[in-house]
Every structure is written in C-alpha cells, then in structure tokens.
Amino acid sequence: MPYQRWTPLAVLLCVACADATPHIEELGAAVPLTGSGAVEGLAAVDQAVVVDGGRLLIKEGDTPIVVDVSAGTVDTLGRTGRGPGEYSYVQAVAEVDGHLAALAGGWRLILWDLSGRFVRESVVRSDRIEPATVRLTNSGAMYGSQLTGSLSSSPKLVDTIPIMRGGASPLDTVLQVVAPAYSMSAAGPRLITSVRFAPVDAWGVLRDGTLWHARAADLRVGRRASEADEWVWSPMQAWSPVPTTPADVEYFAPDPDFPGLDTIPRPMAEAKGPIEAAVAADDGTVWVQRAVPAGSPVEQLQRYPSDGGAPDLVATVPRGRRVVAATDRHLYTALEETSGLWVLERWEITSGMK
C-alpha cells in the first residue's frame, strides 16, 4: 500500500473551513457537502457496496466487513480458513439475492444472511482464472477485468483491457476500458506498480446488471441496460490536464513484507487525467471524482444523472478523500490517515441538490 502524505484528519473534518472555490474552470459553481458520520480504524477500503438500509459491505483487504456508519460499528463476515464459509482472501463483495456475499478464492461465492450468519457457498466457475477486478450483480452474475500483456521494466501509462462476464467459458467480453498499465519497479521484481494519474477510465455494474462506463478520453458517462440495448452516453465534455508536481509524489515500500519502509517514488504521468475515481448509485446516477491540483483544499465530484444528461451538480469534500460508494441520499468517501489506517465518511446529499 502506498504511503499517502495527507493533512491530519482533525484539520480536514471541518467542512466549513475548506475553500470550495472551483479549481477546474469547466466545472462551474460547486456545493460543499456536509459530513454526517464516520468510522475510523479500517485497514483498507478496497470496495464498498451499500446494502440493507444504509450499511456498507466493504472489502477490507482480504476480509469482508459490514460497517454501520450511524451506529459506528464494524463487523467481520466469516473467518479465515478452508472450511465452509471460510476464506483465505476475497475478490469482491456484493448483496446477492438478499444476502451479503463475497467472492472468495477459487471462485467460491459465500453467502451470509443480513445478520451475518453463514447460509451457503457454491463454486461459480470451474477454472482458475483470477481477474484483477470483479463486480457482482444482485443475481450473482460476475463481471471482471484481467491484466493483459506482459510486465516490463519500462513503465507505460495505460492499457486497453476487456471487461468480461463470468459464469461461462470462454468468457464473454462486454466492454473495453482504458486501465493502468503495470510494470516492474526498478527496486526489484517483487514490486509491481502502475503510473499514477494516468488518464484511465472507470466502470461498474449496477445490481440489475446495467453496465456503466466513465470514459476519460472525452469525459462522458455511458450506460447499457442489456446486451440488446445501445449505450446511452452523456454529452462529451472538454477538459484540461492538470500538471503533476513534486507534491503529488507517493512512496512505496521496496519489499511488501515491510510496508513501513516507504522509500521508492511511484512513477507519475506528466499531467493528471480527468478521472480520479467514480461510483454509481442504484438508480444509475454516476459520481465522477475529478483530478485536482496538489494544492487544492477540496476534492471535486461531478454528478451525472441517470437519464444520460450532462452533469447537473458539482460537489466538494475536503482534500484527500476518495469516493467509494453512493446512494440517492449520501456519498461515502475513504481517507487514509498518516498512520496507514482508513476512515470511512458519509456526506449528505440534501433535497435542494436533487
């Protein structure tokens, strides 16, 4: 995990203290969001899915956890092991057919009821293809990306990779996206990294199987409800690259077994692509987090309505957050503290913003 040099949490939690002046000209006026809860001390927030009345099912590294921001609780699903309902790692989490679900190693789909009691597990594929990124629908259908090409010692910015639908062999390609290219670091063969701030896409799949794609090249969002439907795209949006500076540098540990020794700078693109992260709510609304200059006191997010129109809202949260989940009422962000632990925060979307 890279060590992020964030401003201390106590300073950033004051939303009113943040300068909400837009730093990207084409964004227009921005609305600062108000925080309404946080849970601290998480080891990671790799994937977050809103389930069951506002709780979040989170992939915390190799462990599935359930976080209730209102109650301030964190509960672990299952345990590590090789028995029924146990796992050594998980690839994805989701709510599947009214159950909390995790896709574990060996393509085992483990289901718990909403109270966290183990229900059953099943092997959903017989091969051992392990995608780099997996998303699950409400019916348990799987979509995943897989690294393509070979790793090299010469970093390149991006690769075009397929998004595949699982559950059948061969895998069906349903989408092509621009993703980070991975290379061997000069520090040694054990460290594999990608170029930070490369102009990459974001994608996902809603509970009902609708695919969405946030495309960096022309900064627009598309959705497709089924393979029989055409993609519906928002209007193209002009954007200007944001130059990177020494303040943007992140450091990695040369040996993954000693993550505290952060000494190797991660390679950076000369300028930042427009998309830092993106998430979608169940109604099809997509929030795109824009890349901002290193000195910006806020992160900026554009809301793309589900009807395929142009962005209808620009919102801000204090600097250092990464958007991880959304509903029609809340945005959720993750913040890495200087300790290396993460804070999950909830932000209000008021009726005047809808």
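Just so we're clear, the structure is a prediction, and the values are computed from it rather than from any experiment. (Residues numbered from 1 in each chain as written. Predicted model: local features only at pLDDT ≥ 70, side-chain atom pairs only at ≥ 80, totals over all residues. Heavy atoms only, no water.)

**Here's the deal with the nonpolar core**
Spelled out, the test is: For the purposes of this section, nonpolar cores are sets of buried Ala, Val, Leu, Ile, Met, Phe, Trp, Tyr and Cys residues that join through side-chain atoms within 4.5 Å. Remark: exposure states derive from per-residue accessible area (1.4 Å probe, protein chains only) relative to the maximum for the residue type, with buried under 20%, exposed over 50%, and partly exposed in between. We count a stretch as a helix when DSSP gives it H or I for four or more residues in a row; a strand needs E for two or more, and each element gets its number in order from the N terminus. Contacts are residue-level and defined by heavy atoms, with any inter-residue pair within 4.5 Å sufficient.
Judged by nonpolar contacts, the single largest core of 16 residues is most densely connected at Leu42, Leu56, Ile58, Val324, Tyr332 and Leu344. Looking at this core, the elements with two or more residues in it are β2 (34–42), β3 (47–51), β4 (55–60), β5 (63–68), β31 (322–326), β32 (330–336) and β33 (342–348). Excluding residues that lie within four positions of it along the chain, Tyr332 makes contacts with Val50, Gly54, Leu56, Val69, Arg322, Val323, Val324, Ala325, Thr327, Leu344, Glu345 and Arg346. Ranked by size, the runner-up nonpolar core spans 15 residues in total, among them Ala277, Trp287, Val317 and Leu331.

**A word on the environment of Thr76**
Along the chain, Thr76 turns up in strand β6 (residues 73–76). Each C-alpha atom of the pair Thr76 and Ile58 lies 9.6 Å from the other, and the pair is 18 residues apart in sequence. Once you skip the residues sitting within four places of it in the chain, Thr76 turns out to touch Thr63, Pro64, Ile65 and Tyr87.

**Some remarks on the environment of Thr350**
You can see Thr350 is positioned in the segment after β33. With 21 residues separating them in the primary sequence, Thr350 and Arg329 have C-alpha atoms 7.0 Å apart.

**What about the sheet that holds β3?**
Here is the rule: Strands qualify as paired when DSSP identifies two bridges or more between them. Here an axis means a line fitted to C-alpha atoms, over the contact stretch when the element is a helix, while the angle between two N-to-C directions is reported on a 0 to 180 degree scale.
Read from one edge to the other, the open sheet built from four strands follows the order β3-β4-β5-β6, with strand pairing classed as antiparallel. Every other strand in the sheet has two partners, leaving β3 and β6 as the edge strands with one partner each. Ignoring strand direction, the axes of neighbouring strands in this sheet form an average angle of 25 degrees. Where β3 lies against β4, five bridges are found, and the strand directions are antiparallel. Bridge pairing links Gln47 to Lys59 in β4.

**A few points about the sheet that holds strand β28 (residues 286–290)**
The strand order β1-β30-β29-β28-β27 describes an open sheet built from five strands, whose pairing is mixed. Each edge of the sheet is formed by a strand with only one pairing partner; in this case those strands are β1 (31–32) and β27 (275–280). As judged from the two bridges shared by β1 and strand β30 (residues 313–318), these two strands associate in the parallel manner. The partner of Val31 across the bridge, within β30, is Ala315.

**Overview of the pairing of strand β21 (residues 220–224)**
Of all five residues making up β21, five are buried, and the element is well covered by its neighbours. Here β21 shows a buried face lined by Arg220, Gly222 and Arg224 and a second buried face lined by Val221 and Arg223. Pairing geometry for strand β20 (residues 211–215) and β21, over five bridges, is antiparallel. Its bridge partner being in β21, His213 is matched across the sheet by Gly222. As paired strands, β21 and strand β22 (residues 232–233) are joined by two bridges and run antiparallel to one another. Directly across from Gly222, in β22, lies its bridge partner Trp233.

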